[in-house]
Amino acid sequence: MKTEDITLFHRIVETGSLVEAADILNLPKSTLSRRLTALEEELNVKLFHRQSRAMTLTASGSHFYDKTTPMLAQLEQTLSELSGQDAEVAGHLRILIFPIPELLQITHAIFEFMDLNPGLTVEIIVSTEPQDMIRNNIDLAFMLEDAFNENEMVARHMITETVHFFASPEYLAKTDIPVTQDNLSEHNSILFRYPNGKIFNDVPFGQDRTLTVKGNLCVNSLDMCLEATLMGRGISMMPLAFAQEHVDSGSLKMLFEEVEPYEGKVYLVYPSRRFISLASQRFIDFMMEAMEECIRTGNCDRVASIRGSIKSIV
């Protein structure tokens, strides 16, 4: 019995469809169907109830999935221990990245990890839309702290961003309402919707206060939020790194500079109920060390090669 066929079986379970699994794995549907049939014949059990639009597990299939999930995880751990810390990894990684200010730095680090492991292929997905990581076969994701369900994910803290309030001189000139912390709720704010559907309208103010804001525009993109702020559509809350050049040029004004800024966190996450591959393990350790190097040296334009010790995370 091939472990690759068991892995394919897991992907079919997680997508609920032979067609979707084939699309995600970039395999012909006929190939996936043939290998599934061979697995069922070898086990001498029926794993799925086959329907026109979906596939559901039989009792035997559900039992096989539950039992093989920890087995695959243990196999990956064993391979990691046997291959040694310097061995390159192969396979394929699908990585989701929320469009954060550090998007390019993360991308550069991914490229360097690929250079260290030429047998690896990577797909990068940049999106603010909700993504079912298991159903869409996404191995890892860089997401904001409020954008994922902590009960369903294992999360590693990667980046901390200071987040401030901003407005354009145009907006400040046309408003009759003083811009104070007591009057912020009376202003037109540019609202932000997270991938999990939550609208960020109860905003932290300093370290011990939360203010409710309102506005006539809601976006799910930092680029759109920045553009709307520059065009005088209202007051926004954004990472300083994202708006700094516009503050320096005078096209944006930072508000409430005397107030300690809110710290937003970015996490590297993966589904808690799926076994984590050797490639994912190595990538997580690489990224943790790469980000530490970035913070320590202050040089995040090019993440230095990480060839130090690789630590197990499972």
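Residues numbered from 1 in each chain as written. Predicted model: local features only at pLDDT ≥ 70, side-chain atom pairs only at ≥ 80, totals over all residues. Heavy atoms only, no water.

Participant: So what exactly am I meant to see when it comes to the pairing of strand 7 (residues 188-192) here?
Facilitator: Across the five residues that make up strand 7, a large majority, four, are buried. Bridge analysis of strand 7 against strand 10 (residues 214-219) gives four bridges, and the strand direction is parallel. Within strand 10, the residue paired with F192 across the bridge is V219. (Buried < 20%, exposed > 50% of the residue type's maximum accessible area, 1.4 Å probe, protein only. Helix = DSSP H or I, 4+ residues; strand = E, 2+ residues; numbered from the N terminus. Pairing = 2+ DSSP bridges.)

Participant: How should I be thinking about the layout of surface pockets in this particular structure?
Facilitator: Looking at the largest pocket, its volume works out to about 810 Å³. If you go around the largest pocket, you meet 27 residues; those closest to its centre are T7, E76, G91, H92 and S277. Elements that contribute at least two residues to the lining of the largest pocket include exactly helix 1 (3-15), helix 2 (18-25), helix 4 (59-83), strand 3 (91-97) and helix 9 (278-297). In terms of residue count, the dominant contributor to the lining of the largest pocket is helix 1 (five residues). (1 Å grid on protein atoms, 1.4 Å probe; cavity = no way out; pocket = protein on both sides within 12 Å on 5 of 7 lines; lining within 4 Å. Points joined across faces, edges and corners; volume = space filled by probe spheres on them.)

Participant: In this structure, what is going on with a nonpolar patch on the surface? I would like to understand it.
Facilitator: Taken together, the side chains of F111, I124 and V126 define a hydrophobic patch exposed on the protein surface, amounting to about 250 Å² of accessible area. Among the secondary structure elements, F111 is positioned in helix 5 (residues 103-116). (Patch = residues over 30% accessible without salt bridge, like charges linked within 9 Å, V, L, I, M, F, W, Y side chains within 5 Å. Areas by Shrake-Rupley, 256 points an atom, 1.4 Å probe, with all protein chains shown as cover. Salt bridge = Lys/Arg side-chain N within 4 Å of Asp/Glu carboxyl O.)

Participant: Mind showing me how you'd approach the pattern of salt bridges here?
Facilitator: Pairs can form between side chains of opposite charge once their charged atoms are near each other. Here the structure, examined in full by the defined rule, presents five salt bridges. The partner of E123 in a salt bridge is R94, with the nearest N and O atoms 2.6 Å apart. A residue pair is termed long-range when its members are at least 10 positions apart, and E123 in strand 4 (residues 120-126) and R94 in strand 3 qualify at 29 residues. Classification of E123 as partly exposed rests on a relative accessible area of 30%.

Participant: Whenever I open this one, the nonpolar core confuses me. Can you help?
Facilitator: Grouped together as the largest cluster of nonpolar side chains are 71 residues, with contacts concentrated most on F142, F165, F283 and M287. Element by element, the count of residues in this core is highest for helix 9, at nine residues. The contacts of F283, once residues within four sequence positions are left out, are L93, I95, I110, F113, L140 and F142. One finds A21, L32, L47 and F48 within the second-largest nonpolar core, a separate group that totals 18 residues. (Core = buried A, V, L, I, M, F, W, Y, C linked by side-chain atoms within 4.5 Å. Contact = heavy atoms within 4.5 Å.)

Participant: I tried to follow the packing of helix 1 against helix 2 on my own but got confused; where do I start?
Facilitator: Helix-helix packing is characterised by the crossing angle of the two axes and by the distance between the axes. Between helix 1 and helix 2, whose axes approach to 8 Å, the crossing angle comes to 120°. With respect to each other, helix 1 and helix 2 are oriented oblique. Crossing angle aside, the handedness with which helix 1 passes helix 2 is right-handed. Seen from helix 1, the contacting residues are L8, R11, I12 and T15; seen from helix 2, they are L18, E20, A21, I24 and L25. (Axes fitted to C-alpha atoms, helices over the stretch in contact; angles between N-to-C directions. Parallel < 35°, antiparallel > 145°, perpendicular 65-115°, else oblique. Left-handed = near helix turned anticlockwise from the far one by under 90°.)

Participant: Even after reading the chapter, I still don't get the pairing of strand 13 (residues 262-271), so can you show me in this structure?
Facilitator: Taken residue by residue, a regular strand's side chains alternate between the two faces of the sheet. Among the 10 residues that make up strand 13, seven are buried, leaving the element largely enclosed by the rest of the structure. Inspection of the sheet shows strand 5 (residues 140-144) paired to strand 13 by four bridges, in the antiparallel sense. Bridging from a neighbouring strand, A141 pairs with V269 of strand 13. Of the pairings in the sheet, the one linking strand 6 (residues 153-167) to strand 13 comprises 10 bridges and is antiparallel in character. By the bridge assignment for strand 13, M153 is matched with P271.

Participant: Explanation requested: unusual backbone geometry in the structure shown.
Facilitator: In terms of backbone geometry, most residues other than glycine have negative phi values and most peptide bonds are trans. The residue N44 is not glycine, and still its phi comes out positive at about 60°. For N137, which is not glycine, the phi dihedral falls at a positive 55°. As for its position among the elements, N137 is in the loop between strand 4 and strand 5. Overall, N137 belongs to the buried group, its relative accessible area being 7%.

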